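A look at the structure
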Amino acid sequence: QVQLVESGGGLVQAGGSLRLSCAASGRTFNVMGWFRQAPGKEREFVAAIGWSGGLISYQDSVKGRFTISRDNAKNTVYLQMNNLKPEDTAVYYCAVKTGTSYLRPSDYDYWGQGTQVTVSS
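Below or above, wherever it landed, is the structure these notes cover. Predicted model, so just to flag it, every value in this text is computed and none were measured.

Of all the 6 residues making up strand S8 (residues 76-81), 5 are buried; the element is thus mostly covered by neighbouring parts of the structure. Two elements, strand S3 (residues 18-25) and S8, share 6 bridges in a ladder whose sense is antiparallel. If you follow Leu-18 over to S8, its bridge partner there is Met-81. Where strand S7 (residues 66-71) hands over to S8, the hairpin turn is made up of 4 residues, of which Asn-75 adopts a positive phi near 55°.

Given below as structure tokens:
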């Protein structure tokens, strides 16, 4: 019954912005996060946020450029991506969990289908 639906991916020029959304249904979760997977690379942690926003964590390479937020009334998590770089090109996945660790893909319980982000130079 749990479903995660990502949206907002697309093609932008370097320096541009995108806002990803992930709408969850079925229940609410303590932690909502974003991962990404580029061609030839492993899926990697991007950002995560706790229920009240007290826990916020970013991968170093996106810190200062990306902002994660959530709207619990809508059961939705967002990723505002500014100053995008070609190396940000990847499929971005929304994931949710109820545990305390959040850096590994295996920490998460449910996954969305992914939304493609492509950054051109």
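A few words now on the nonpolar core. Within the largest apolar cluster, 27 residues are counted, with the highest numbers of intra-cluster contacts made by Trp-34, Leu-79, Met-81 and Tyr-92. Counting residues per element, the ones that place at least two in this core are S3, strand S4 (31-37), strand S5 (44-50), S7, S8, strand S9 (90-97) and strand S11 (115-120). Leave out the neighbours within four places in its chain, and Tyr-92 touches Glu-6, Leu-20, Trp-34, Phe-35, Arg-36, Val-46, Phe-66, Leu-79, Met-81, Gly-114, Thr-115 and Val-117.

On inspection of all chains with the given rule, the structure shows 7 aromatic pairs. Chaining the aromatic ring pairs together yields one cluster made of Phe-35, Phe-45, Tyr-93, Tyr-102, Tyr-108 and Trp-111. The side chain of Arg-27 reaches across the aromatic face of Phe-29, ending 4.5 Å from its centre. Of note, Arg-43 hangs over the ring of Tyr-93, and the distance from its end group to the ring centre comes to 3.8 Å.

Backbone geometry at Asn-75 places phi at a positive 55°, although glycine is not the residue there. By secondary structure assignment, the location of Asn-75 is in the loop between S7 and S8. We classify Asn-75 as buried; its relative accessible area is 10%. Backbone geometry at Asn-83 places phi at a positive 50°, although glycine is not the residue there. Its place among the elements puts Asn-83 in the loop between S8 and S9. Judged by its relative accessible area of 41%, Asn-83 is partly exposed.

Two modes of strand pairing occur in sheets, parallel and antiparallel, and in both the strands are linked by backbone hydrogen bonds. Across the sheet, which stays open at both edges, the 4 strands sit in the order S1-S3-S8-S7 with antiparallel pairing between neighbours. The open sheet has two free edges, formed respectively by strand S1 (3-7) and S7, since each of these has just one partner strand. Within this sheet the neighbouring strands show an average axis-to-axis angle of 15°, counted without direction.

Its location among the elements puts Ala-48 in strand S5. Each residue touching Ala-48, except ones within four places of it in the same chain, is listed here: Val-31, Met-32, Gly-33, Leu-55, Ile-56, Ser-57, Ile-68, Tyr-102 and Tyr-108.

Relative to the elements of secondary structure, Arg-36 occurs in strand S4. Taking C-alpha positions, Arg-36 is 5.4 Å from Val-91, a pair spaced 55 residues apart along the chain. In terms of polar contacts, Arg-36 uses its side chain to reach the side chain of Glu-44, at 2.8 Å. Among the polar contacts made by the side chain of Arg-36, one reaches the side chain of Asp-88 at a distance of 2.9 Å.

Definitions and limits used
Residues numbered from 1 in each chain as written. Predicted model: local features only at pLDDT ≥ 70, side-chain atom pairs only at ≥ 80, totals over all residues. Heavy atoms only, no water. Buried < 20%, exposed > 50% of the residue type's maximum accessible area, 1.4 Å probe, protein only. Helix = DSSP H or I, 4+ residues; strand = E, 2+ residues; numbered from the N terminus. Pairing = 2+ DSSP bridges. Core = buried A, V, L, I, M, F, W, Y, C linked by side-chain atoms within 4.5 Å. Contact = heavy atoms within 4.5 Å. Phe/Tyr/Trp six-rings, centres within 6.5 Å; stacked < 30°, edge-to-face > 60°. Lys NZ or Arg CZ within 6 Å of the ring centre and 35° of its normal. Axes fitted to C-alpha atoms, helices over the stretch in contact; angles between N-to-C directions. Polar contact = N/O pair within 3.5 Å; in protein donor to acceptor, adjacent residues only side chain to side chain.

By themselves these figures say nothing about function.
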